[in-house]
Amino acid sequence: MADNPVLFEITDAHLDTGLRRFPVGRVRTSRVDPTDGVSYVGYPVADLANLDPEAAIYLLFNKELPSDEQLVAFKADLASRAVVSPKVIEILSALPLDGHPMEWLINGLTLLGMTGKTGDFKTDGLNLVARSAELIAAIFRIRSGWGAPIASDPSLGLVENFVHMMGVPGADAEKLTKLLRTFYILHMDHGGGNLSTFTGKAVASGHADQYTSLAAAMGGLYGPLHGRANQECLNFVKTVGTTDPDAIEKFVRETLAGGGKIFGFGHAVLRAEDPRATVQYALGKEICGDDPLFKTALAMRERAVAVLKENPKISNPYPNVDAISGTLLNASGLTDSDYYTLLFGFARIAGITAQIVDERVHMRNGRGVPIYRCSYVAENQDPRRLS
Ligand code: MLT
């Protein structure tokens, strides 16, 4: 291969396309293949789905899976970092209840920064991963009116402690923990160029700290075309209103004929069933096989795909990660879909902070990627004279 291979020929047609498929940098944590889906440091995500979430976090930060001893030490290290200032919880308690949980998260992240940043990207990244559990559990409890925050016990493990601190009324904690351990791993990272990750890295490139960068990243995830799509998917499955496959097919055809959207199907990059969805369909059969909404989602997997495939203009008729995640969360006791993006954010914080560490500390032989500064073509500007 030549020293400087041409990766991409930029033409006028590439402008105003949201940087779609533009190669802009290197990513060390994960890779997204249109057919095989995401892999973390070379491991297909489905092969990692049953690990300890901490082992997957270790993988993203260290680019190798931990040995048993390394995992024990890493879990203890993360647990020791899980210290949230009481001021954060106090201020959260004063936020307007009608703000979306993601707006609470964005506020909470900057509060965590104001009360505990070190300025070192790796230290702050790991601290943030560890502290996000208490922050997010507190958002659930305060905003949902479930009662005062429950004291943290980081020795339980990241997700186990999170479930303990949420104290979801009426939920089966064991079932919820099983689901959220997998959910966390599946949602951690998705290549370098998804909106929230790109935004977080862009902000960090100006040397803002991890907390502020992550608050910006979560602003990206909050958008209904990105992370917030997961809450819409459960609402959509509910509107189907039947588990009968023929009635479901009729519903899909009528929705499409009326110009409506089939939520949870298709993806910006993927061109096959998202392996994160495949893992969750299998998990659903185990934890909520008899749930009517799960049955609906399962039938949608077959019938919606068949109908969408009839349209040659649809490049990806297959389910993505959101097609089924909300149904499983709902069946496990987390029934308010407004919180689903918050759970996505909980997991994605691990991938984004790890990618920020890579860009700030490892890339370009340790010099880091320069401040992001791309070019826009102004009216009548000669593109050869771009600044
Ligand atoms: C995802 O997890 O599917 C994403 O963050 C969306 C994307 O890859 O653009």
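The coordinates are above.
All of these numbers come straight from a predicted model, not from anything done at the bench.

Chemist: How should I be thinking about the pairing of strand β2 (residues 37–40) in this particular structure?
Modeler: Looking along a regular strand, one sees side chains alternate from face to face of the sheet. Bridge count between strand β1 (residues 30–33) and β2: four bridges; the pairing is antiparallel. Within β2, the residue paired with Asp 33 across the bridge is Gly 37. Where β1 hands over to β2, the hairpin turn is made up of three residues, counted between the paired strands. The antiparallel pairing of β2 with strand β3 (residues 43–44) creates a hairpin that spans two residues between the two strands, and Val 41 there sits at a positive phi of about 45°.

Chemist: Teacher, can you tell me more about the packing of helix α11 (residues 229–240) against helix α14 (residues 292–309) here?
Modeler: When two helices pack together, you describe them by how their axes are tilted relative to each other and by the distance separating the axes. As a packed pair, α11 and α14 sit with axes 9 Å apart at the nearest point and diverge in direction by 95°. Between α11 and α14, the crossing angle belongs to the class labelled roughly perpendicular. Where α11 approaches α14, its residues Leu 234, Phe 236, Val 237, Lys 238 and Val 240 are matched on the opposing element by Leu 293, Thr 296, Ala 297 and Met 300. Here the residues of the contact of α11 with α14 are counted per class, giving seven nonpolar, one polar and one charged.

Chemist: Is there a simple way to explain the sheet that holds β3 in this structure?
Modeler: Backbone hydrogen bonds hold the strands of a sheet together, and the pairing may be parallel or antiparallel. Taken in spatial order, the three strands make up an open sheet running β1-β2-β3, and their pairing is antiparallel. Taken across any chain shown, the strands that pair with only one partner, and hence form the sheet edges, are β1 and β3. The pairing of β2 with β3 spans two bridges and is classified as antiparallel. Within β3, the position partnered with Tyr 40 by the bridge is Tyr 43.

Chemist: Help me understand a nonpolar patch on the surface in this model?
Modeler: Taken together, Leu 15, Val 377 and Leu 386 make up a surface patch of nonpolar side chains, about 190 Å² in accessible area. Take Val 377: its relative accessible area is 34%, and that puts it in the partly exposed class.

Chemist: It is not clear to me how helix α15 (residues 322–331) should be interpreted in this structure. Could you clarify?
Modeler: In an α-helix there are 3.6 residues to a turn, and that puts residues three or four apart on one side. Extensive coverage of α15 is indicated by the burial of nine of its ten residues. Of all the positions in α15, only Asp 322, Ala 323, Ile 324, Ser 325, Gly 326, Thr 327, Leu 328, Leu 329 and Asn 330 are classed as buried. Check the buried side of α15 and you find it contacts α8 (173–187), α11, α13 (275–288), α14 and α16 (340–362). The positive-phi residue at the C-terminal boundary of α15 is Gly 333, with phi of around 110°.

What counts, and where the lines are drawn
- Residues numbered from 1 in each chain as written.
- Predicted model: local features only at pLDDT ≥ 70, side-chain atom pairs only at ≥ 80, totals over all residues.
- Heavy atoms only, no water.
- Pairing = 2+ DSSP bridges.
- Helix = DSSP H or I, 4+ residues; strand = E, 2+ residues; numbered from the N terminus.
- Axes fitted to C-alpha atoms, helices over the stretch in contact; angles between N-to-C directions.
- Parallel < 35°, antiparallel > 145°, perpendicular 65-115°, else oblique.
- Contact = heavy atoms within 4.5 Å.
- Nonpolar A, V, L, I, M, F, W, Y, C, P; charged D, E, K, R; others polar.
- Patch = residues over 30% accessible without salt bridge, like charges linked within 9 Å, V, L, I, M, F, W, Y side chains within 5 Å.
- Areas by Shrake-Rupley, 256 points an atom, 1.4 Å probe, with all protein chains shown as cover.
- Salt bridge = Lys/Arg side-chain N within 4 Å of Asp/Glu carboxyl O.
- Buried < 20%, exposed > 50% of the residue type's maximum accessible area, 1.4 Å probe, protein only.

Purely geometric numbers; function is a separate question.
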